[in-house]
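Notes for the structure review
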There are 2 protein chains.
Amino acid sequence: MALEHAILVSLSERSGSGYELARRFERSIGLFWNATHQQIYRVLKRMEEAGWVAVDLVEQSGRPDKKMYTVSTAGHAELVRWLAEPDPAATTQELAVKIRGASFGDPAAVAAELTRHRDSHAERLDVYRQIEKRDFPDPAALHGRSLHQYLVLRGGIRVEEGQVEWFTEVRQALRRDADHHTKGTP
Amino acid sequence: MALEHAILVSLSERSGSGYELARRFERSIGLFWNATHQQIYRVLKRMEEAGWVAVDLVEQSGRPDKKMYTVSTAGHAELVRWLAEPDPAATTQELAVKIRGASFGDPAAVAAELTRHRDSHAERLDVYRQIEKRDFPDPAALHGRSLHQYLVLRGGIRVEEGQVEWFTEVRQALRRDADHHTKGTP
DNA sequence: CAGGTCATGTAAGTCGTTACATGATTCA
DNA sequence: TGAATCATGTAACGACTTACATGACCTG
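Residues numbered from 1 in each chain as written. Chains lettered and ligands numbered in written order. Predicted model: local features only at pLDDT ≥ 70, side-chain atom pairs only at ≥ 80, totals over all residues. Heavy atoms only, no water.

- Where an unreviewed UniProt entry is consulted, chain A appears under the name PadR family transcriptional regulator, with the organism given as Amycolatopsis samaneae.

1. Re the pattern of salt bridges
- According to the stated counting rule, one finds 28 salt bridges over all chains in the structure shown.
- For Glu-165 of chain B, the salt bridge is made with Arg-158 of chain A, and the minimal N-O distance between the two is 2.9 Å. One end of the pair, Glu-165 of chain B, is in helix H7 (residues 144-182); the other, Arg-158 of chain A, is in helix H7 (residues 144-182), on a second chain.
- Residue Arg-158 of chain A is classed as partly exposed on the basis of its relative accessible area of 21%.
- Arg-118 of chain B is paired through a salt bridge with Asp-119 of chain B; the nearest N and O atoms lie 3.2 Å apart.
- If you follow the salt bridges from partner to partner, you end up with Glu-132, Arg-154 and Arg-158 of chain A together with Glu-165 and Glu-169 of chain B in one network. (Salt bridge = Lys/Arg side-chain N within 4 Å of Asp/Glu carboxyl O. Helix = DSSP H or I, 4+ residues; strand = E, 2+ residues; numbered from the N terminus. Buried < 20%, exposed > 50% of the residue type's maximum accessible area, 1.4 Å probe, protein only.)

2. Section: the packing of aromatic side chains
Residue and element names in this part refer to chain B.
- Under the definition given, this model contains four aromatic pairs over all chains.
- Geometrically, the ring pair formed by Phe-136 and Tyr-150 is tilted, given 5.4 Å between the ring centres and 55° between the ring planes. Of this pair, Phe-136 sits in the loop between helix H6 (107-135) and H7 while Tyr-150 sits in helix H7; the two residues are 14 residues apart in sequence, bridging distant segments of the chain.
- Tyr-150 sits in the buried class, given a relative accessible area of 10%.
- Note that Lys-98 overlies the ring of Trp-82, its terminal NZ or CZ placed 4.9 Å from the centroid. (Phe/Tyr/Trp six-rings, centres within 6.5 Å; stacked < 30°, edge-to-face > 60°. Lys NZ or Arg CZ within 6 Å of the ring centre and 35° of its normal.)

3. Comments concerning the UniProt feature "domain: Transcription regulator PadR C-terminal" (unreviewed entry) in chain A
- If you check UniProt for "domain: Transcription regulator PadR C-terminal" (unreviewed entry), the listed places come out as residues 94-175 of chain A in our numbering.
- As annotated, residues 94-175 of chain A comprises 83% helix and 0% strand, and the C-alpha atoms at either end are separated by 20 Å. (UniProt positions renumbered as here; feature names shortened; annotations may be inferred.)

4. What to know about the interface of chain B and chain A
- Each partner contributes residues to the interface: chain B has 33 residues there, and chain A has 33 residues.
- When chain B packs against chain A, the two sides together hide about 3,100 Å² of surface, and 61% of this comes from carbon and sulfur.
- In this structure, the connection of chain B to chain A is made through six salt bridges.
- Residue Glu-169 of chain A pairs with Arg-154 of chain B through a salt bridge whose shortest N-O separation is 3.4 Å.
- Viewed at the interface, chain A and chain B are joined by 12 residue pairs in polar contact (both at pLDDT 80 or more).
- Those elements that provide at least two residues to the side of chain B that touches chain A are helix H1 (3-13), helix H5 (92-100) and H7 of chain B.
- Top element by residues in the side of chain B that touches chain A is H7 of chain B. It accounts for 19 residues.
- Residue classes in the side of chain B that touches chain A are distributed as 17 nonpolar, eight polar and eight charged. (Contact = heavy atoms within 4.5 Å. Buried area = accessible area lost by both parts, 1.4 Å probe. Polar contact = N/O pair within 3.5 Å; in protein donor to acceptor, adjacent residues only side chain to side chain. Nonpolar A, V, L, I, M, F, W, Y, C, P; charged D, E, K, R; others polar.)

5. Considering the relation of the copies chain B and chain A
- The operation relating chain B to chain A is a screw motion whose rotation component is 180°, with 0.1 Å of axial translation and a residual RMSD of 0.1 Å. In short, the pair behaves as if placed about a two-fold rotation axis. Using C-alpha coordinates, one finds that chain B approaches the rotation axis most closely at Gly-162 of chain B, a distance of 3.5 Å.
- Most of the interface of chain B is mirrored in chain A: 100% of its interface residues are interface residues there too. (Least-squares fit on C-alpha atoms with pLDDT ≥ 70 in both.)

6. Brief notes about the side chain of Gln-163 of chain B
Residue and element names in this part refer to chain B.
- With respect to the element layout, Gln-163 can be found in helix H7.
- When its relative accessible area of 9% is taken as the criterion, Gln-163 is described as buried.
- A polar contact is formed between the side chain of Gln-163 and the side chain of Thr-92, at a distance of 2.7 Å.
- Each residue touching Gln-163, except ones within four places of it in the same chain, is listed here: Thr-92 and His-121.

7. A few points about the nonpolar core
- By size, the foremost hydrophobic cluster in this structure holds 48 residues, and its most contacted members are Ile-7, Phe-25, Ile-40, Ile-99 and Leu-114 of chain A together with Leu-151 of chain B.
- Residues in contact with Ile-40 of chain A, not counting those within four places in the same chain, are Ile-7, Gly-18, Leu-21, Ala-22, Phe-25 and Ala-35 of chain A.
- Leu-11, Met-47, Leu-95 and Ala-111 of chain B belong to the second-largest nonpolar core, a separate cluster that totals 47 residues. (Core = buried A, V, L, I, M, F, W, Y, C linked by side-chain atoms within 4.5 Å.)

Spelled out as structure tokens, the structure:
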């Protein structure tokens, strides 16, 4: 349910129409998010009613009219609020949106949220590793059904390892960048 | 939309009620799949109507009656069919279900599907790495918005790397296991 | 005796996908 | 001329979540 916020981030980077947003979601933002144009049109309408975006109707010769969307003051405030809000149920996708949008709010708050999520993923990883030790002490001897169960567990371990490493990398980079700024180096 | 097949795998491992299935999805299968009990009840009803599962009403003293579900011949056939069917749009979760259920069908077909997905993830990884080289040749110098964009790209690269490695590991393990069987060692 | 577990279900709402519709322009 | 791109939208359906309802048993 953070499509609204993904759109706020994208529109903060550059204003655009619903159609343009749909194209962006196919490309750069689509690395971690996908949304159809119908979905985007409906959410944009909702966001307009909520006052998060302003619409500017652009008439074009030949091509159909365009609705250019721009983030309003209220929309920016909502983005800042959401970026700083802790969400223990956030998916990796949502966290990626927060990272991408960090400069439109408080990067330190985003870094703090990442620390919390890194810790909870590290806990999960620990649980998985304990299951691995307890239930599969001799992986080389496995075959058939228990081998397949083990391989899925290995996948879970790999995913959690990756998350923990990535969150750590991002946290460090965000802090290094913040230090840079306080030291006066742009 | 492969909840049906995840349930078929789980019921193939052991018959059970909707309630029990919901608990399993919270635990072992929940490593890579989550489903609420309401969802499971509705899907089970659909599966019963399709003839994929048979129901046995078990009366219990004290506790409410149980509906024990068992995979039918038609359900097993459907699972075998699905396991062997190539699906270029399959998510990692769905592939994990196929791995976990491989022994109920043809493990070689599952291994072939994994090869295809490993290749497509390797291609994606290549694209991401090219973007990295082209747009972020000097990561250490990045700051602010472009740093944040780079960090998200790094996340995408990590995810794809992890997938490629995992699929490779699983493929090799499945093949080693198949060789074992053909050589007569159980 | 309050709270958790076993066990199933209805109802309402949100979210997302798929199909369809329009209509001009550009390119092969 | 047929397909693709630009640009928006309606309608219907399917998937999934959240809240509510029931009722007995067991544990602290």
